[in-house]
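Spelled out from the first residue to the last, the chains are:
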Amino acid sequence: MRLPSPGAARRHCTAQDTRRFVDILIQQIINGLVLGSIYALVALGYTMVYGILGLINFAHGEVVMIGALSALTAIGLLVPSGLPGPVVVLAGLLIAIPVCMAVGFTIERIAYRPLRNAPRLAPLITAIGVSIVLQQLAMMGWGRNYHTFPALLPVTAHKIGGAAITDLQIIIVLTAALLMAALVWLVTRTRLGRAMRASAENPAVARLMGVDVDRVISFTFVLGSGLAAVAGVMVAANYSIAHYAMGFMLGLKAFTAAVLGGIGNLGGAMLGGLLLGIIESLAAGYIGDLTGGFLGSHYKDVFAFFVLILVLVFRPSGLMGEKVAERA
Amino acid sequence: MNPITPSRPLTALVALSACLLAACGQKDDTAAPAAADAAATVTIRLGHVAPLTGPQAHLGKDNENGARLAIDDLNAEKLLIGGKVAKFELLGEDDQADPRQGTTVAQKLADAHVNAVIGHLNSGTTIPASRIYHDAGIVQVSPSATNPTYTRQGYKTAFRVFADDVQQGSVLGAFAVTKLGAKKIAIIDDRTAYGQGLADEFDKAAKAAGATIVTREYTTDKETDFAAILTKVKSTRPDLVFYGGMDTQAGPMARQLRTLNIGAPMLFGDGACTVEFHKLAGDGADGHYCSLPGVPLEQMAGGSAFRDRYKAKFNTDIQLYAPYAYDAVRVVAEAMKQAGSVDTAKFLPALAALNYPGLTAQIQFDEKGDIKDGAITLYQAKGGTWSALETMGGKAPN
């Protein structure tokens, strides 16, 4: 029962210490990138809706939760079929995406469209209302317990120097990057993207030019919700946990990321998401040492929000907020 | 950080209306039989509090089921208290593992004048609630709160049937150093009264046994991402990682430990010593250690019978504290029987002096209200279950 004791003979070697420090730093940045990729995908949903409607869709975090839980349900049904793990997860994802898209479309139709010309506070309140309703419905449907994501994907850890990254984490970062690139292409290079940009700039003029603004808005919600579904499955797969309340904090973080990058700006949401993920990881890793143990690693959220405040004080429109032309 | 979710007002409203409905229903139930043969029966209302919603709902329900089973047994036995047939009732409340909610429901039970309270589950809710029960003169028996403070506030009404963190922490510290040979230990806790309390006791005991604490990291009881703190832990190259907290964090943490290529095993207290841990940790579960006050269920005299009856009645497996919740109800009933009364003033002295062969142990309380000679068993995760390694201290039922 005695444990093997690695490094029993402890050496004081500065070169080795430096290398270890770098290894750990790289590991923290990898942790941050994985987390940040997920934040960025969710942040895109906030920023796209804000870009066009000037509305914070606070129910967006709940869409992520619905994506995770519906994928989990589908996966639970598919596991007995004996299909290979990655196929089952992909099938779960392909079911979660349309489910979330339908939810996003419905939210916009029921809660936001009737208030299109109402004072700005009204849709904000319905957004919070929708968030509560979705969370409670999920609690009724999926129960209050934590659901575990079956181990279907390889989690073999690859070594990068002294740092480790799993297949799943590589998939998460690559998928997020691919989706973001596709989104940028869609917004900047397609007819629909042009309609989105036009609606964002001036809905009234866009309508006069023959753009069906309502349809563009619906499409924006559907698109954002699809990304949210992917993010939800990523969170559930990476942490192997999903529950009805998971969307709230994630949504808040993603919203923070969107504001950090400059809300309404696509590149800003991506940058903000990645930055927030990395800041959080580094804060949790080093805050104790930096403050001499005065603040512990549980203050990482505080630290992330503190950075947000700093950015807003010095750049009220966010890091990339000034490039209004790129708004979508 | 404790995020205040926007759902809270609604949840509270729903909970409130549900409680009101339940309370009305309760009255209707009791009115009929009480009127029929009021002379021959005495109705005893026991409050039960545990988190029935949120991350620890599975543990809360487990406690409630344990208490319910005891109440059904007692009602079937037709226990006589002061010459009257005792009829036990359970008032189940949900504290959401939240100290604020814990005091709210405690006040509610105090206002309802229950005869005794079984609970709460968490130390963080049990301690603030204990003052309310004490002021209202209500006996409280917690089946699972382990923070020492609970019984050290001078409240005569506070009891527990479970070894506390001082006992558990010292056993864990000694086990880590002498049995596992750990010299460098990293400690993580969830900043709750339970997690922090246990981690502090472990810290002391491990240092006393000669180990070095290489780092102390913190998380919360709602977090699921531990990559950053585990990376920090990795940089200190520990032989062992101790976590003070519940299974909902311990499971994912054990899994993320493996993905970060950290070879050191983890050691947990009772909060992570559950069936759920294996589900949440997946293939990262094996090799870790945990401790649980009391003896393994198989070694309890009526243990396997209890497990079968529990499974038959609730169609689910015991999570963790159900046998202790069962005993908590039984000791209250036994004290009432011996005192021949359901008044706190009469049965409290009987409870303090009790020597009762419970399901989990021979139950006797010390002057603080803690169980005497609480046994502590160490387990290791193997093939999807916790298998018992050794039991330290404790007395089997006579």
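Please refer to the structure placed before this passage.
Residues numbered from 1 in each chain as written. Chains lettered and ligands numbered in written order. Predicted model: local features only at pLDDT ≥ 70, side-chain atom pairs only at ≥ 80, totals over all residues. Heavy atoms only, no water.

Is there a simple way to think about the pairing of strand 11 (residues 289–293) of chain B in this case?
The side chains of a regular strand alternate, first on one face of the sheet and then on the other. Residues and elements named next belong to chain B. Of all five residues in strand 11, five are buried, a share of seventy percent or more. Burial along strand 11 is two-sided: the residues Tyr289, Ser291 and Pro293 and Cys290 and Leu292 are all buried. Pairing analysis gives two bridges linking strand 10 (residues 266–268) to strand 11, with the strands arranged parallel. Following the sheet pairing, phenylalanine 268 is matched in strand 11 by cysteine 290. In the classification by handedness, the crossover that spans strand 10, the intervening helix 9 (residues 275–281) and the parallel strand 11 is right-handed. (Buried < 20%, exposed > 50% of the residue type's maximum accessible area, 1.4 Å probe, protein only. Helix = DSSP H or I, 4+ residues; strand = E, 2+ residues; numbered from the N terminus. Pairing = 2+ DSSP bridges. Right-handed = clockwise from strand over helix to strand, strands pointing away.)

Any chance you could explain the side chain of aspartate 270 of chain B here in plain terms?
Residue and element names in this part refer to chain B. Mapped onto the elements of the fold, aspartate 270 is located in the loop between strand 10 and helix 9. Comment: no salt bridge for buried aspartate 270; closest opposite-charge side chain is arginine 160, at 9.5 Å. For aspartate 270, the contacting residues outside a window of four places in its chain are Ser144, Thr146, Phe162, Gln168, Tyr194, Ser291, Leu292, Pro293, Leu320 and Tyr321. (Lys, Arg positive; Asp, Glu negative; His and termini not counted. Salt bridge = Lys/Arg side-chain N within 4 Å of Asp/Glu carboxyl O. Contact = heavy atoms within 4.5 Å.)

What exactly am I supposed to notice about the state of the cysteines here?
All names here are of chain B. Scanning all chains against the criterion turns up one disulfide over all chains. Disulfide partner of cysteine 273: cysteine 290, at an S-S distance of 1.9 Å. Taking the torsion about the sulfur-sulfur bond, which here is approximately 45 degrees, the covalent link between cysteine 273 and cysteine 290 counts as right-handed. Of this pair, cysteine 273 sits in the loop between strand 10 and helix 9 while cysteine 290 sits in strand 11; the two residues are 17 residues apart in sequence, bridging distant segments of the chain. (Disulfide = S-S within 2.5 Å.)

Even after reading the chapter, I still don't get the side chain of aspartate 73 of chain B, so can you show me in this structure?
All names here are of chain B. Here aspartate 73 lies in helix 2 (residues 57–77). By relative accessible area, aspartate 73 is classed as buried at 14%. At 2.8 Å, the side chain of aspartate 73 and the side chain of arginine 309 are in polar contact. In contact with aspartate 73, not counting residues within four places along its chain, are Arg309, Tyr326 and Arg330. (Polar contact = N/O pair within 3.5 Å; in protein donor to acceptor, adjacent residues only side chain to side chain.)

What is the right way to look at the nonpolar core in this model?
Proteins that are soluble and globular tend to have nonpolar side chains buried together. Phe88, Val141 and Ile185 of chain B are the most contacted members of the largest nonpolar core, which has 105 residues in total. It is helix 11 (residues 322–339) of chain B that provides the largest number of residues to this core, a total of 10 residues. If you count residues domain by domain, this core takes at least three from each of domain 1 (38–162 + 297–365) and domain 2 (166–293 + 379–392) of chain B. In this structure isoleucine 185 of chain B touches Ala176, Val177, Phe202, Ala206, Ala211, Thr212, Ile213, Val214, Thr215, Pro238, Leu240 and Phe242 of chain B, once residues within four positions along its chain are discounted. Counting 90 residues, the second largest nonpolar core, distinct from the first, contains Met48, Ala127, Leu168 and Ala206 of chain A. (Core = buried A, V, L, I, M, F, W, Y, C linked by side-chain atoms within 4.5 Å. Domains from an automatic or database assignment.)

What is the right way to look at the sheet that holds strand 14 (residues 376–382) of chain B in this model?
The strands making up a sheet are joined through hydrogen bonds of the backbone, oriented either antiparallel or parallel. Residue and element names in this part refer to chain B. Read from one edge of the open sheet, seven strands run 8-7-9-10-11-14-15, paired in mixed fashion. Looking at strand neighbours, the two that pair on one side only are strand 8 (212–218) and strand 15 (385–392), the edges of this open sheet. The average undirected angle you get between the axes of adjacent strands in this sheet is 25 degrees. Here strand 11 runs beside strand 14; their pairing, made up of five bridges, is antiparallel. By the bridge assignment, proline 293 is partnered in strand 14 with isoleucine 376. Sitting on the sheet, helix 7 (residues 227–235) touches strand 7 (184–189), strand 8 and strand 9 (240–244), and the angle it makes with strand 8 is about 170 degrees. (Axes fitted to C-alpha atoms, helices over the stretch in contact; angles between N-to-C directions.)

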